[in-house]
Structures are given as C-alpha cells and as structure tokens.
Amino acid sequence: MNLHLLTERVFKKSSPNNKLTLYLSSRDLVVSSGKIDRVQGVLLIDPEFVEQRKVYGQVTLTFRYGREDEEVMGLKFCNEAVMCLAQLYPPHAGSQPPEANTPLQEKRVS
C-alpha cells in the first residue's frame, strides 16, 4: 500500500444538495520555470440529477494584498482573474482525450 495516499490532503467542496462534489489535491497553483501546475481533482456527479444538463467549471485566481484587518473595515484588497472556463460533463466532443489518472483520482473514483 502506498503510504503517500494515506497522508495526502484533499480539499472537498459540495453543492448544497450534494449532487455535485469536487475533490482537489490543492487549492493553490504553483508557478515554476514559467509553467503553472495542472489542477488535479475529481468531480463526482449524480447522473439522475444532471440528466441532460451540462456542467461547466471555472478556475478563478484571487490575488490578495494588504492586511486582513483592513478588509474588515470594508476595504477589499484583491484582484480576481478568470483563467479557464470549460465544459466538464458530459465531455465536450472537441475536448482533448483524458490523461492517465493520478493516484488521488484513482483513490477517489474507486
């Protein structure tokens, strides 16, 4: 058994009705040598709830600056940028073929 899988932190976010659940390995994106790490996770969808609907995902970066105590006073020291918007379910006909699953994805899917 791989001990790394037992100690890996996973971030979970569910819709209010628990019909969509997202598991992410990280909430942070790391930039190294001019490249950004891929977002890795699993989206669990209740097929009865979704039926013929489409599910879209959006990656938004929030850049924070300033002090937190100033935000309490009604000031907002952050900028947001939408980095990606994609159809997640059902897979779009023109989308790239899926890559091999990561250990995190294998653990969540099984």
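Residues numbered from 1 in each chain as written. Predicted model: local features only at pLDDT ≥ 70, side-chain atom pairs only at ≥ 80, totals over all residues. Heavy atoms only, no water.

K.L.:
Lay out unusual backbone geometry with the relevant residues and their values.
P.N.:
Backbone torsion omega between Tyr89 and Pro90 reads -15°, so that peptide bond is classified as cis. Along the chain, Pro90 turns up in the loop between strand S7 (78-89) and helix H4 (103-109). Even without being glycine, Asn18 reaches a positive phi, approximately 60°. Mapped onto the elements, Asn18 comes out in the loop between strand S1 (11-14) and strand S2 (20-24). When its relative accessible area of 55% is taken as the criterion, Asn18 is described as exposed. Positive phi, normally seen in glycine, also occurs at Glu51, with a value near 45°. (Helix = DSSP H or I, 4+ residues; strand = E, 2+ residues; numbered from the N terminus. Buried < 20%, exposed > 50% of the residue type's maximum accessible area, 1.4 Å probe, protein only.)

K.L.:
Hey, could you go over the pattern of salt bridges for me, with residue numbers and the actual values?
P.N.:
If you walk through the whole model with that rule in mind, you get one salt bridge. The salt bridge involving Lys19 is made with Asp46; its shortest N-O contact spans 3.3 Å. Here Asp46 lies in the loop between strand S5 (41-45) and helix H2 (47-50) and Lys19 lies in the loop between S1 and S2, a separation of 27 residues in the sequence. (Salt bridge = Lys/Arg side-chain N within 4 Å of Asp/Glu carboxyl O.)

K.L.:
Describe the sheet that holds S5, with residues and values.
P.N.:
Across the sheet, three strands lie side by side as S1-S2-S5; this open sheet has antiparallel pairing. Each end of this open sheet is capped by a strand with a single partner; those strands are S1 and S5. Neighbouring strand axes in the sheet, compared pairwise and without regard to direction, differ in orientation by 15° on average. Sheet analysis places S1 next to S2, joined by four bridges and oriented antiparallel. Considered in S2, the bridge of Phe11 is made with Leu24. (Pairing = 2+ DSSP bridges. Axes fitted to C-alpha atoms, helices over the stretch in contact; angles between N-to-C directions.)

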